[in-house]
Each structure stands twice: as structure tokens, then as C-alpha cells.
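Listed below are the residues making up each chain.
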Amino acid sequence: QALGLFLAVLGVGAVGHALSSAIARRRTELAVLRAIGQTPGQTRLVAFTQAVVLALVGLLAGVPLGVALGRALWRTVAAATPVAFAEPSWRGPVLLAAPLTLVVFLVLAVPPARRSSRLDITEARLKEMGATGFAAPVKASCGDHNGHHKVFIVQWDGKKWASITDWIPSDQ
């Protein structure tokens, strides 16, 4: 049981790290989406969707493989010992593990989802992304989570994005 608990904790840590690093790697793409109007909730949904897809792929691959390997190992152990083989029930643990896995993955996605929705898109960050002049700086916060800022319309002139209007104030 101690080994099982250790492996479960190790797996949870690996999944948490995978989700955090995946969101960190997509920081630039998320910043661009935020600059062109993606809401903080939609940004958090990216992390939660990734967690659900990772959990489902893990379940679809891991459960059949685990059941097959578990049966084979149990048969081998039962054949080598003087006990009668009685196939253990796997339905109960699997029915418990599937929703529990989804819940754990969603809980693990909360910190990277919150970090991704609090993107601060400064002039320096826009320059780093190669988006200077493409959008105004945006800072999402609890006080201003919708990004009601002034905007301008840009057009691709074949070489670069060029502003074709002056700043347009928000309706709010």
C-alpha cells in the first residue's frame, strides 16, 4: 500500500508539472489571444480543457493496459503459489478511479489556469512577441477583468501591421 501511495503521489506531481509547464510554454500564444479579446475565463478554459484531455487519454490507455497487466501478473503469482486462482474484480476500482482522476486533474489545473488568466501584456511583452503596434497593453485584474481599454484597428500592409484608425475609446 505504501508503494501504491508513493506512485500515486509521484503521478499527481508529474501531471501537475506537465500542466504547469504546458501553460508556461503557451504563454505567448495566450498573451496574443488575450490582446485580441480572449476573456480570462476563456483563458482558464484552455488549461481545464487540456487537463480533461490529458485525463481521458490517460484513462483510455491506462485502464485497459492496467487491467490486462494486472490479470496476467495475478495469474502468474497464483500459478506459482499453492492457492486457487480467483480473478479479482476490477470494475469497482475502475468506476471509482475514472471520476477521481478527472477531479484530480481539474484541481491540478487550477493554479496554471489562474496564472494564465492573469496575464499582464505590457509594451515590453508586446515587443518581445513581435506585436508592437498590434494592440494596446492589457492588464487583467480583479478590478478590470474584461479589459475595457481603448482600441485601434490595424491592417496588414504586406510587410507589417499598420494602424488605420486613431484610438477608439471603450463604451464602458
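Residues numbered from 1 in each chain as written. Predicted model: local features only at pLDDT ≥ 70, side-chain atom pairs only at ≥ 80, totals over all residues. Heavy atoms only, no water.

## Brief notes about the overall build of the chain
Rule in force here: Each helix is a run of H or I in the DSSP string that is no shorter than four residues. Each strand is a run of E no shorter than two, and both are numbered from the N terminus. Here the globule rule is a power law, 2.2 Å times the number of residues to the power 0.38, and the radius of gyration is based on C-alpha atoms. Under the scheme applied here, a residue whose accessible area is under 20% of the maximum for its type counts as buried, over 50% as exposed, and between as partly exposed, the area being computed with a 1.4 Å probe on protein chains only. Only heavy atoms matter for contacts: two residues are in contact if any of them lie within 4.5 Å across the pair. Here the accessible surface of atoms and residues is derived via Shrake-Rupley with a 1.4 Å probe, and residues count as covered only by protein chains that are part of the display. The convention is simple: Lys and Arg are positive, Asp and Glu are negative, and His and the chain ends are not counted. Where a charge lies is defined by one atom per residue type, namely NZ (Lys), CZ (Arg), CG (Asp) and CD (Glu).
Scanning the chain for helices and strands turns up five helices and four strands. Beginning at the N terminus, the succession of helices and strands in the chain can be written as α-α-α-α-β-α-β-β-β. The C-alpha atoms of the chain give a radius of gyration of 24 Å, which is well past the 16 Å a tight globule of 172 residues would have. Residues classed as buried in the chain amount to 22% of the 172 residues present. Partitioning the contacts of the chain with sequence separation of at least 6, the portion at a separation of at least 24 is 52%. Accessible surface, the chain as shown: approximately 11,800 Å² in total, 68% of it carbon and sulfur. Both charge centroids of the chain, one from 17 positive and one from 9 negative side chains, sit 11 Å from each other.

## Some thoughts on the packing of helix 1 (residues 2-25) against helix 4 (residues 91-117)
Rules: Note on geometry: axes are lines fitted to C-alpha atoms, helical ones only across the stretch in contact, with angles between N-to-C directions running from 0 to 180 degrees. Here the angle decides the label: under 35 degrees means roughly parallel, over 145 means roughly antiparallel, 65 to 115 means roughly perpendicular, and every other value means oblique. Left-handed is the label given to a crossing in which the near helix is rotated counterclockwise from the far helix by less than a right angle, and right-handed is the label when the rotation is clockwise. We call Asp, Glu, Lys and Arg charged. Ala, Val, Leu, Ile, Met, Phe, Trp, Tyr, Cys and Pro are nonpolar, and the rest, Gly among them, are polar.
It is the contact of helix 1 with helix 4, at a shortest axis distance of 9 Å, that shows an interaxial angle of 30°. As the angle between them shows, helix 1 and helix 4 are arranged roughly parallel. You can see that helix 1 and helix 4 cross each other, and the crossing is right-handed. Contacts between helix 1 and helix 4 involve Val 12, Val 15, Gly 16, Leu 19, Ser 20 and Ile 23 from the former and Val 104, Phe 105, Leu 108, Ala 109, Pro 112, Arg 115 and Ser 116 from the latter. Residues of the contact of helix 1 with helix 4, tallied by class, amount to nine nonpolar, three polar and one charged.

## Digging into a nonpolar patch on the surface
Heads up, the condition is: Two distance rules govern patches: like charges are joined within 9 Å, and nonpolar side chains (Val, Leu, Ile, Met, Phe, Trp, Tyr) within 5 Å, applied only to residues with over 30% relative accessible area and no salt bridge. The working definition used for a salt bridge is a side-chain nitrogen of Lys or Arg within 4 Å of a carboxyl oxygen of Asp or Glu.
On the surface, Leu 3, Phe 6, Leu 7 and Leu 10 cluster together into a nonpolar patch covering about 430 Å² of accessible area. Residue position: Leu 10 is located in helix 1. With a relative accessible area of 48%, Leu 10 lands in the partly exposed category.

## Some thoughts on the pattern of salt bridges
Summed over all chains, the structure comprises three salt bridges. Across the pair Arg 125 and Glu 128 runs a salt bridge, and its minimum N-O distance is 2.7 Å. Here Glu 128 and Arg 125 lie together in helix 5 (residues 123-128), a separation of three residues that amounts to about one turn. Among the residues examined, Arg 125 registers a relative accessible area of 9% and is labelled buried. A relative accessible area of 57% means that Glu 128 is categorised as exposed. Between Lys 160 and Asp 157 there is a salt bridge whose closest N-O contact spans 3.7 Å. Among the ionic contacts, a cluster of salt bridges with common partners joins Arg 27, Arg 125 and Glu 128.

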